[in-house]
Amino acid sequence: MADTPLVAIVRPVADLRTTVSAWKRQGFTVGFVPTMGALHDGHLALVREAKERADRVVASVFVNPTQFAAHEDLGAYPRQEGRDAELLAEAGCDLMFAPSVEEMYRPDATTTISVGAPAEGLEGAFRPQMFGGVALVVSKLLNQVQPDVAVFGEKDFQQLIVVRRLVRDLDIPTEIIGLPTIRDGHGLALSSRNAYLSEADLAVARRLNGILAEAGAKAALGDPVAPLEAEAAQALLAAGFDSVDYVAIRRTDDLSAFETVADAPARVLAAAKIGRTRLIDNMAV
Ligand code: PAF
């Protein structure tokens, strides 16, 4: 029987720094993939991409409390650290950084980070605490790991835009790479939250990407975007989603709104709920 490969796990920031400093002294470049664990093929694709771009790869596994509102699923968020460690090893990750909440956030910490416009609207409107929490933890992680390159999934497209702006505005010397969303055989974007879905829910969830693709195709023909957004939201409800937070067709670079897709590259983005499970997806128009 083949042995399951192991990835080294560090929890204190000091231990992380010791390992990364040793790598840098040996001339190795460092790639980084931040995650909240419950890893799936989408995360592992990020790790493999980081491995292509750097000599050594660190992945963090940290369910970040500051990006969850009180009513959200922090307590229920899936946790499977042992399995995550195996999957990371198989994907070629060299080090898993899994700090405790106390290691990450001192009880008397007072610093916050506000990214401004890119964090407003869309996810920012429905989850007002989210991007402050993401900006804070990503800033800390990038400071702790000091990677040459960090890889994020396009699945959380607004998060990618927020992180790019944060890194630019704070002069953080890490190249940010966005990797296209990994989907199942039915086009459903892989997400740790898919674990909450029953078979019947999954059949509904798998309609999301097709409905967005149709709205995007019509927008690309020059149709005004507002009616297309409303039509796609109706189509999601008809497909069995219980509620739709938004369907929006926006400029790719800063997610600002426009009336019709002109020359600027555009993205169609949506968030909708099945029961208590909130799914997001997006794709290029
Ligand atoms: O995308 C995620 O999993 C999280 O938002 C991140 C980037 C790991 C920060 O907690």
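Our structure is the block above this text.
Residues numbered from 1 in each chain as written. Predicted model: local features only at pLDDT ≥ 70, side-chain atom pairs only at ≥ 80, totals over all residues. Heavy atoms only, no water.

## Concerning the overall build of the protein chain
We apply this condition: Starting at the N terminus, helices and strands are each numbered in turn, a helix being any DSSP run of H or I of at least four residues and a strand any DSSP run of E of at least two. Only protein chains enter the accessibility calculation, which uses a 1.4 Å probe; a residue is then buried when its area is under 20% of its type maximum, exposed when over 50%, and partly exposed in between. Here, residues are in contact when the closest pair of their heavy atoms is within 4.5 Å.
Each helix and strand counted, the protein chain has 10 helices and 9 strands in total. Seen along its three principal axes, the alpha-carbon backbone of the protein chain occupies a region of about 55 × 45 × 40 Å. Looking at the protein chain as a whole, 52% of its 285 residues qualify as buried. Considering only contacts in the protein chain between residues 6 or more positions apart, those separated by 24 or more positions represent 73%.

## Here's the deal with the pattern of salt bridges
Short version of the rule: Think of a salt bridge as a Lys or Arg side-chain nitrogen and an Asp or Glu carboxyl oxygen that are within 4 Å of each other.
The full count for this structure, using the stated rule, is 14 salt bridges. A salt bridge links Arg206 to Asp184; the nearest nitrogen and oxygen atoms lie 2.9 Å apart. You can see Arg206 sitting in the loop between helix 8 (199-205) and helix 9 (208-220) and its partner Asp184 sitting in the loop between strand 6 (175-179) and helix 8, a full 22 residues away along the chain. Through salt bridges that share partners, Glu123, Asp245 and Arg278 make up one connected network.

## A few points about helix 9
Put simply, the test is: Helix span, as expected, comes to 1.5 Å for every residue beyond the first. Relevant arc is that of directions from the helix axis to the C-beta atoms, nothing else.
The end-to-end C-alpha separation of helix 9 is 18 Å, in line with the 18 Å expected for 13 residues at 1.5 Å each. Residues of helix 9 that are buried include every one of Leu208, Asn209, Ile211, Leu212, Ala215, Gly216 and Ala219, and no others. Looking straight down helix 9, one finds that the buried residues subtend no more than 165° of arc, so they occupy a single side. Tucked inside the fold, the buried residues of helix 9 contact helix 8, helix 10 (225-239), strand 7 (243-251), strand 8 (266-274) and strand 9 (277-284). The first or second residue beyond helix 9 is Gly222, which carries a positive phi of 105°.

## Some details on the site of the ligand
Going by this rule: One heavy atom within 4 Å of a molecule or strand makes the whole residue count as near it. What qualifies as a polar contact is a pair of N or O atoms within 3.5 Å, subject to a donor-acceptor requirement within protein and to the restriction that residues adjacent in sequence count only when both atoms come from side chains. Classification used: nonpolar for Ala, Val, Leu, Ile, Met, Phe, Trp, Tyr, Cys and Pro, charged for Asp, Glu, Lys and Arg, polar for all others including Gly.
Every residue close to the ligand is listed here: Pro34, Thr35, Met36, Asn64, Gln67, Val134, Val137, Asp156 and Gln159. Separating an oxygen atom of the ligand from a side-chain N or O atom of Gln67 is a distance of 2.6 Å. Gln159 is positioned with one of its side-chain polar atoms (N or O) 2.6 Å from an oxygen atom of the ligand. Elements that contribute at least two residues to the shell around the ligand include exactly strand 2 (30-35) and helix 6 (130-145). Of the residues in the shell around the ligand, the class split is 4 nonpolar, 4 polar and 1 charged.

## Quick look at the sheet that holds strand 5 (residues 149-153)
For the record, the criterion: Two strands qualify as a pair provided that DSSP identifies no fewer than 2 bridges between them. The axes are straight lines fitted to the C-alpha atoms, using for helices just the contacting stretch, and the angles between their N-to-C directions are given from 0 to 180°.
What the 6 strands build is an open sheet, ordered 1-4-3-2-5-6; its pairing is parallel. Each edge of the open sheet is held by one strand with a lone partner, namely strand 1 (8-10) and strand 6. Adjacent strand axes in the sheet meet at a mean angle of 25°, parallel and antiparallel pairs treated alike. The pairing of strand 3 (residues 56-61) with strand 4 (residues 95-97) spans 3 bridges and is classified as parallel.

## Description of the pairing of strand 2
We apply this condition: The definition of a right-handed crossover adopted here requires that, viewed with the strands pointing away, the path from the first strand over the helix to the second runs clockwise.
By the criterion of burial, strand 2 is predominantly enclosed, with 6 of the 6 residues buried. The alternating pattern of strand 2 places Val30, Phe32 and Pro34 on one face and Gly31, Val33 and Thr35 on the opposite face, and all of these are buried. When strand 2 meets strand 3, the two strands line up parallel, connected through 6 bridges. Among the inter-strand pairings, Gly31 is bridged to a residue of strand 3, identified as Val57. The parallel pair strand 2 and strand 3, bridged by helix 2 (residues 41-53), forms a crossover whose chirality is right-handed. The pairing of strand 2 with strand 5 spans 2 bridges and is parallel. Residue pairing across strands places Gly31 opposite Val149, the latter belonging to strand 5.

## Re the packing of aromatic side chains
Just so we agree on the cut-off: The rule is short: rings of Phe, Tyr and Trp, with Trp giving its six-membered ring, pair when the centres are within 6.5 Å, and they are stacked under 30 degrees, edge-to-face over 60, tilted in between. Charge over a ring is defined by NZ of Lys or CZ of Arg lying within 6 Å of the ring centre and within 35 degrees of the ring normal.
Using the criterion set out here, one finds 3 aromatic pairs in the structure. Note on Phe62 and Tyr105: the rings are 6.2 Å apart at their centroids and 45° apart in plane angle, and the pair reads as tilted. Placement of the pair is Phe62 in the loop between strand 3 and helix 3 (81-90) and Tyr105 in the loop between helix 4 (101-104) and helix 5 (123-126), with a sequence separation of 43 residues. The exposure class of Phe62 is buried, given its relative accessible area of 5%. Looking at Tyr105, the relative accessible area reads 14%, which means it is buried. On the numbers, 5.9 Å between centres and 35° between planes, the contact of Phe126 with Tyr246 is tilted. In this pair, Phe126 is assigned in helix 5 and Tyr246 in strand 7, connecting sequence segments 120 residues apart. Given the relative accessible area of 39%, Phe126 is considered partly exposed. Lying over the aromatic face of Phe28, Arg56 brings its terminal NZ or CZ to 3.9 Å of the ring centre.

Interpretation in functional terms is not warranted from these geometric data alone.
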